[in-house]
Every structure is written in C-alpha cells, then in structure tokens.
Amino acid sequence: MALTDSSRQSLIPSFLYASSSPKTLTLSKLLHSNSTLPSPSPSPSLMRNTSSFVIPAPSEPGKIQMYSPAFYAACTAGGILSCGLTHMAVTPLDLVKCNMQIDPAKYKGISSGFGVLLKEQGLRGFFRGWVPTLLGYSAQGACKFGFYEFFKKYYSDIAGPENAAKYKTLIYLAGSASAEVIADVALCPFEAVKVRVQTQPGFARGMADGLPKFIKSEGALGLYKGIVPLWGRQIPYTMMKFASFETIVELIYKHAIPTPKDQCSKPLQLGISFAGGYVAGVFCAIVSHPADNLVSFLNNAKGATVGDAVKKLGLWGLFTRGLPLRIVMIGTLTGAQWGIYDAFKVFVGLPTTGGAAPAAAPAVAATELAKV
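Since the model is a prediction, treat every value here as computed from it, not as a measurement.

Enquirer: How do you make sense of the overall build of the chain when you look at a structure like this?
Expert: Looking only at helices and strands, the chain has 15 helices and 2 strands in total. Buried positions account for 47% of the 372 residues belonging to the chain. Long-range contacts, defined here as pairs at least 24 residues apart, represent 79% of the contacts in the chain between residues at least 6 apart. Carbon and sulfur atoms provide 68% of the accessible area of the chain, an area that totals close to 17,900 Å².

In structure tokens form, the structure reads like this:
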C-alpha cells in the first residue's frame, strides 16, 4: 500500500526533531535503515534534490553542516584571519617586547623602548618583520583553530557523550594541545626569521631576504632550532587559551546573562567572545612567558642554548622580563582573535564558540535509532 506524506512522517522517530545534537541525518539513510519497510515512490520535491536533503537539528540554524569538511574549512579560514591579522597589528608591541628580552640595558621599559625605536628607525621601524609575522601566524592560526575543532570532536566521540560532558575541560586541553603541536611546526620557520629581523638591525629587511640569509647562516635545520622552546611556550599558552576561554564563556552565559545563549543577539555573543578571550589571554601570557623569553634569546644568538639563556637572564628575569607588556599584548590579541574567529563563524552561518555544556542527548538518540 502506498504511503501518504503523513504516514511517511510518522515513520521518522520524534526524537530527531527534538535532539540538540548538531549532527544531521539524511532522509535516504533513515528510510533504508529498516529493510522491512516498503520503498515508496519519491515525491517530486524530494527528487529535485535528494542528495542534499537533510534533517537539521533545530538548534543549529547555520548554512554549514556541523563537523562536515566545509565546517572544518570554515574554522581553518577563521583561524587564518584571527591569528594572522591580529599578530600583524600588534607588531610594534611585539617588536619592543622582543628587544626588551634581548637587550634590557638598552630597552629598559615600554615607553623608553618605543622611544629608542622611534629615534633609531623612525615610524617604519615599528613594523619591521610584519611579513614573517603575518605569514607565520596565519599558518599557525589555520592549524590551531582548524585542528582544535577536529580534535575536540574526535576526543569527544572517543569519550562518549556522558564522559565528554563530565570531562569537558580535559577534552578542551587535549584538543588544543594536539592542535598546537601541529601549528608550531608551521609557525617555527617564520618565527625564527621574524625574531632575527626584529632584534638585529641590518640583518634583513623582511622575509624575502631574511629567510635566505638565515638558512645560509644557520642551515635549513636552524629554522627549527627553537621548536622545543616554541612548543614549551605555545602548547601551555594554547591549552590555557582554549580551555579557559570555553570555561569563562560558559560561566558568563550561566551566571551573568539572564537569557539562554541561543536567544542572545549576535553582537552580544561576539562581545562575550571578546571579553572571554581577553581574560583568557591574561592567563596565557603568564603561563607561557618564560618560554617566550627562551624563544627570543635562542633565535637571536647563534649557537645559544637553553642553559645560556637561563644563566644570562636568571630565573626571575625568565619569568618577569617583558611580562607587563606581554600581558597587555596577549590579552588584547587573544580577545581580538576570539572576536574575529567567532565573527567569521557567524558570517558563514555557524554558531559562536562556547556557551552551554555538551549535552548527552546523542546517546539517547542513538539508542532510539537502534530500535527503529
């Protein structure tokens, strides 16, 4: 007997229309999940676009299906914009910070450091090294955000819905650490050239002439001389950046905002992303600062070792030299990065990052689907 439209709908379990899971199910897979069901003739509306017809979760109004290749591509693009543009914008702060770390006798403070740069190199000197900064942190941002979203989903699937909700902070930490290991491999060569250009006037004008000179001086492997200190700086930084951001944003929506996240306006959500990112950035700067001093020292001095850096800077200097400026820089940087990243996600039709704790509804959905 032919199935009417209403009888077809009755064959679809009701939980599909109430699940909070961001995944979608194709109608063709659902109708063929039970071999005992007859195969009705498709209606003209379904025949027009059967390959792309999906049943979206009502809580995900976006244009891109969550956790699809397009989703990860969008996150990668957002990471390029958020990291590349923001790091390039704070190049003057980074330049003063690096020189304070390398030559504290000459660059004694923030204001005096800017004064020395202005006197010796003029206004153009404040953006020395902006090209390797833009390229390096664009590559890093692509891997950092794209792989974070991938690993967060991957580890959540391994843990299962209940454990993913219970141990969500561990998921954030593991996902961000895994992503940063890959991101730093992409960043390291650009970071090596950037530091050399910024801290040794006359070495090179930028990336085009700086990279060949660096390879000639240090060899190709010299570009990765600072990879271990870079991991030491960036992995704790990124773990703090993502885990604290997710936690702070969740707390803001839970305790400071009277309405649920999905009922908040997009400008308000983006403002919360910036605020959460700024606070997270302060924590990031403190945690990763000793390794940042090591990276600057090793990339500036040929043949230098970690022991040389500790001996010259001292433990106190390792933790404090250039820290106030880095807190301002990283706080602003991280807040802007989360703002840009989430703004791009909103632009392509995706929800902003963070907010509600992961729900365990998918486990219930899977159980009901097995009974169909």
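Enquirer: I tried to follow helix H14 (residues 323–347) on my own but got confused; where do I start?
Expert: Every α-helix winds through 3.6 residues per turn, so residues three or four apart in the chain are directed the same way. Taking 1.5 Å of rise per residue, 25 residues should cover 36 Å, and H14 covers 35 Å from first to last C-alpha, within 8% of that figure. Just downstream of H14, Gly 349 is the residue with a positive phi angle, here 95°.

Enquirer: How should the pattern of salt bridges be read in this particular structure?
Expert: Two side chains that carry opposite charge are able to pair once their charged atoms sit near each other. Counted under the stated rule, the structure contains 15 salt bridges. Its salt-bridge partner being Glu 191, residue Lys 194 comes within 4.0 Å of it at the nearest N-O pair. Taken together, the positions of Lys 194 and Glu 191, both in helix H9 (residues 168–199) and 3 residues apart, correspond to about one turn of that helix. Judged by relative accessible area, Lys 194 falls into the buried class, the value being 1%. A salt bridge links Arg 233 to Asp 292; the nearest nitrogen and oxygen atoms lie 2.7 Å apart. Linking Arg 233 in helix H11 (residues 227–256) with Asp 292 in helix H12 (residues 266–300), this pair joins segments that are 59 residues apart in sequence. The two residues Arg 233 and Asp 292 agree in class, both being buried.

Enquirer: How should I be thinking about the side chain of Thr 334 in this particular structure?
Expert: Assignment of secondary structure puts Thr 334 in helix H14. By relative accessible area, which is 0% here, Thr 334 ends up buried. A distance of 3.3 Å separates the side chain of Thr 334 from the side chain of Tyr 237, its partner in a polar contact. Setting aside residues up to four positions removed in sequence, Thr 334 forms contacts with Tyr 237, Lys 241, Gly 277 and Gly 281.

Enquirer: Would you mind going over the packing of helix H5 (residues 91–102) against H14 with me for this structure?
Expert: Geometry of a packed helix pair, given as the angle between the helix axes and the separation of the axes. H14 packs onto H5 with a crossing angle of 155° between their chain directions and a minimal axis gap of 10 Å. Judged on the interaxial angle alone, H14 and H5 are roughly antiparallel. Between H5 and H14 lies a crossing whose hand is left-handed. Taken together, the residues of H14 that come into contact with H5 (itself represented by Leu 93, Asp 94, Val 96, Lys 97 and Met 100) are Leu 325, Arg 326 and Met 329. Grouping the amino acids of the contact of H5 with H14 by side-chain chemistry returns 5 nonpolar, no polar and 3 charged.

Enquirer: For this particular structure, what's the right way to read the environment of Ala 74?
Expert: Considering the arrangement of structural elements, one finds Ala 74 in helix H4 (residues 69–89). Using a relative accessible area of 9% as the deciding quantity, one classes Ala 74 as buried. On a C-alpha basis, the gap between Ala 74 and Gly 146 in space is 8.1 Å, while along the polypeptide they are 72 residues apart. Contact partners of Ala 74, with chain neighbours within four places excluded, come to Ile 64, Phe 344, Val 348 and Leu 350.

Enquirer: What exactly am I supposed to notice about the environment of Thr 353 here?
Expert: Looking at the secondary structure, you find Thr 353 in the loop between H14 and helix H15 (361–371). Considering only alpha carbons, one finds Thr 353 and Glu 250, 103 residues apart in sequence, at a separation of 9.8 Å. Of the polar contacts made by the side chain of Thr 353, one reaches the side chain of Asp 342; its length is 2.7 Å. A polar side-chain atom of Thr 353 sits 3.1 Å from a polar atom in the side chain of Lys 345.

Enquirer: What exactly am I supposed to notice about the nonpolar core here?
Expert: What tends to happen in soluble globular proteins is that the nonpolar side chains get buried as a cluster. Core analysis: the biggest nonpolar cluster contains 27 residues, and Phe 71 and Leu 350 have the highest contact counts within it. Looking at which element gives the most residues to this core, the answer is H11, with 6 residues. Looking at this core, you find at least three residues from each of domain 1 (63–224) and domain 2 (237–354). Aside from chain neighbours lying at most four places away, what touches Phe 71 is Ile 64, Gln 65, Met 66, Glu 149 and Leu 350.

Enquirer: Looking at this structure, I do not really get the confidence of the model for the chain. What am I missing?
Expert: Parts of the model with low pLDDT should not have their predicted coordinates read in detail. Chain-level pLDDT for the chain is 81 on average; 78% of the residues reach the 70-or-more range. Segment residues 1–62 is flagged for pLDDT under 50; beyond a separation of four residues in sequence, or across chains, it makes 55 contacts in the model. Throughout residues 357–372 the model reports pLDDT below 50, and contacts reaching past four residues in sequence, or to other chains, amount to 21 contacts.

Cut-offs used in this document
- Counting from 1, residues in each chain are numbered in the order their sequence is written.
- Side-chain atom pairs in this predicted model are given and counted only at pLDDT of 80 or more, local residue features only at pLDDT of at least 70, and totals for whole chains, interfaces and linings cover all residues.
- Side-chain numbers here rest on the full set of heavy atoms in the structure, without hydrogens or water.
- Secondary structure is summarised from DSSP: a helix means a run of H or I of at least four residues, a strand means a run of E of at least two, and numbering begins at the N terminus for each.
- Only protein chains enter the area calculation, which uses a 1.4 Å probe; residues under 20% of their type maximum are buried, those over 50% are exposed, and those in between are partly exposed.
- In what follows, a contact means two residues having at least one pair of non-hydrogen atoms within 4.5 Å.
- Note on areas: Shrake-Rupley, 1.4 Å probe, and residue coverage restricted to the protein chains presented here.
- Expected helix span is computed as 1.5 Å times (number of residues minus one).
- The term salt bridge refers to a pairing of a side-chain nitrogen on Lys or Arg with a carboxyl oxygen on Asp or Glu at a separation within 4 Å.
- N or O atoms closer than or at 3.5 Å make up a polar contact, with two conditions inside protein: a donor-capable atom paired with an acceptor-capable one, and, for residues adjacent in sequence, both atoms drawn from side chains.
- Here the axes come from fitting lines to C-alpha atoms, over the contacting stretch only for helices, and the angles between their N-to-C directions go from 0 to 180 degrees.
- Roughly parallel covers angles under 35 degrees, roughly antiparallel covers those over 145, roughly perpendicular covers 65 to 115, and oblique covers all other angles.
- Crossing handedness follows the turn of the near helix against the far one: under a right angle anticlockwise gives a left-handed crossing, and clockwise gives a right-handed one.
- Throughout this entry, Asp, Glu, Lys and Arg are counted as charged residues, while Ala, Val, Leu, Ile, Met, Phe, Trp, Tyr, Cys and Pro are counted as nonpolar. The remaining residues, Gly among them, count as polar.
- Think of a nonpolar core as a cluster: buried Ala, Val, Leu, Ile, Met, Phe, Trp, Tyr and Cys residues, connected wherever their side-chain atoms sit within 4.5 Å.
- Start and end points for every domain follow an automatic or database-based domain assignment.
- The score called pLDDT rates the predictor's confidence residue by residue, from a low of 0 to a high of 100.

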